[in-house]
Amino acid sequence: MWWYVAKRLLQTIPVFLGATLIIYALVFLRPGDPINGLIGNKPVSDEVRQAIRDQYHMNDFFLVQWLYFIKDVLTFSPDFVGLDGQPVFQKISNALPVTATLAVMALAMDAVIGIVVGTIAGLRRNGVFDSITLVISLILLSVPIFVVGFVLQFLFGVKFSIFSATVGGDWSIGDLILPAFVLAIANIATTTRLTRTSVANNLSADHVRTARAKGLSNGLVIRNHVLRNSLVPVVTYIGINLGSLMAGAIITEGIFNVQGIGNLAFDAVSRGDAPVTVTVVAVMVMIYVFMSLIVDLLYAVLDPRIRYV
């Protein structure tokens with residue numbers, strides 16, 4: 001087990017290097033001058049412009065810029081700043097907690113609602129509840145998230161004032177309930193359908209029939225033999241969703257004015273701020289990789305037949 005974990009952790013090195021190199025190349029190929037994105041229409045002398053380009057190595061080839069980036073990241077250099085002169089790590093540390101909290105809340109809603117509703121639909125397959133669940137799931141998957149976000153924001157944040165319409169800088173857990181639900185909606189629909197299909201398939205499996213033949217109660221069969229095996233593909237989907245939820249929070253954070261990683265990434269990409277953009281992407285990549293490792297390790301807990309060597 002530990003050797004498997006060590007191998008997976010070593011694999012993060014080429015993943016990190018490859019992902020940052022690709023993103024840095026894309027930012028480098030982005031049309032326009034990033035200095036114009038920083039200063040806007042303000043007049044700037046050629047000397048100041050050249051000083052900025054020298055400070056951020058903009059006259060160098062993108063591979064050289066990328067190597068400077070790797071050095072600053074690995075050494076946690078205090079001089080590693082964005083185009084606005086603000087430390088990149090400080091920006092990340094300020095924005096990451098709210099986005100991580102938002103993503104974890106959305107993940108919890110996805111897991112609880114999706115698994116519970118999907119399990120009930122699977123146990124009552126082809127029934128009325130299953131049909132209603134299917135229709136609702138298809139509707140949630142079909143409607144764009146920004147439409148759902150604005151509608152729920154208006155209804156529950158403005159009209160009925162049940163939740164906060166916007167979050168802002170001084171946020172609390174209560175302020176993130178509505179944004180987290182909006183972020184989780186599409187995933188809830190997918191988790192529900194995935195759980196329903198997995199439970200329905202396991203109900204007719206040989207080991208379930210054997211357990212029933214032994215005289216085990218229906219509740220014991222469902223809990224120990226149906227749900228445990230049915231959750232393997234569901235855990236895979238939910239586990240890797242944490243990284244995708246954090247990356248996909250850009251729209252939700254924009255709607256509810258959440259000052260998180262999504263807004264930070266959008267502003268950085270708009271300005272062509274390579275240090276901030278690539279650092280945010282690197283954080284997302286690492287979160288995704290570590291969540292994939294955790295999901296793989298959970299397989300052995302859910303299914304004793306799975307062993308890692």
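**Student:** Quick question: what am I supposed to make of the environment of Gly157 here?
**Tutor:** By the secondary structure assignment, Gly157 is in helix α7 (residues 145–159). Spatially, the C-alpha atom of Gly157 lies 41 Å from that of Pro78, the residues being 79 residues apart in sequence. In this structure Gly157 touches Leu152, Phe163, Ala165 and Leu178, once residues within four positions along its chain are discounted.

**Student:** Looking at this structure, how should I read the pattern of salt bridges?
**Tutor:** For the coordinates displayed, the defined rule picks out three salt bridges. Notably, a salt bridge pairs Arg193 with Asp130, separated by 3.7 Å at the nearest N-O pair. Pair noted here: Arg193 is in helix α8 (residues 177–203) and Asp130 is in helix α6 (residues 128–142), with a separation of 63 residues, a long-range link. Among the ionic pairs, Asp130 bridges to Arg196, the shortest N-O distance being 2.8 Å. In this pair, Asp130 is assigned in helix α6 and Arg196 in helix α8, connecting sequence segments 66 residues apart. Of the two residues, Asp130 and Arg196, neither departs from the other in class, the shared state being buried. Taken together, the shared-partner salt bridges in this structure form one network comprising Asp130, Arg193 and Arg196.

**Student:** Just checking my understanding: could you explain unusual backbone geometry for this structure?
**Tutor:** Backbone geometry places Asn126, a non-glycine residue, at a positive phi of 65°. Of note, Asn126 is situated in the loop between α5 (88–123) and α6. Not every positive phi belongs to a glycine, and Asn257 is a case in point at roughly 55°. On the secondary structure map, Asn257 appears in the loop between α12 (249–256) and α13 (261–271). Take Asn257: its relative accessible area is 36%, and that puts it in the partly exposed class.

**Student:** Explanation requested: the packing of helix α1 (residues 2–28) against helix α4 (residues 62–74) in the structure shown.
**Tutor:** Following both chains from N to C, one finds α1 and α4 inclined at 130°, their axes separated by 10 Å at the closest point. Put simply, α1 runs oblique to α4. Handedness of the crossing formed by α1 with α4: right-handed. Facing Phe16, Leu17, Thr20, Leu21, Tyr24, Ala25 and Phe28 of α1, the residues of α4 in contact are Phe62, Leu63, Gln65, Trp66, Phe69, Ile70 and Val73. Among the residues forming the contact of α1 with α4, the class breakdown is twelve nonpolar, two polar and no charged.

**Student:** What should I look at first to understand the side chain of Ser230 in this one?
**Tutor:** Take Ser230: it is sitting in helix α10 (residues 218–239). A relative accessible area of 1% means that Ser230 is categorised as buried. Once you skip the residues sitting within four places of it in the chain, Ser230 turns out to touch Ser198, Val199 and Asn202.

Definitions and cut-offs
- Residues numbered from 1 in each chain as written.
- Predicted model: local features only at pLDDT ≥ 70, side-chain atom pairs only at ≥ 80, totals over all residues.
- Heavy atoms only, no water.
- Helix = DSSP H or I, 4+ residues; strand = E, 2+ residues; numbered from the N terminus.
- Contact = heavy atoms within 4.5 Å.
- Salt bridge = Lys/Arg side-chain N within 4 Å of Asp/Glu carboxyl O.
- Buried < 20%, exposed > 50% of the residue type's maximum accessible area, 1.4 Å probe, protein only.
- Axes fitted to C-alpha atoms, helices over the stretch in contact; angles between N-to-C directions.
- Parallel < 35°, antiparallel > 145°, perpendicular 65-115°, else oblique.
- Left-handed = near helix turned anticlockwise from the far one by under 90°.
- Nonpolar A, V, L, I, M, F, W, Y, C, P; charged D, E, K, R; others polar.

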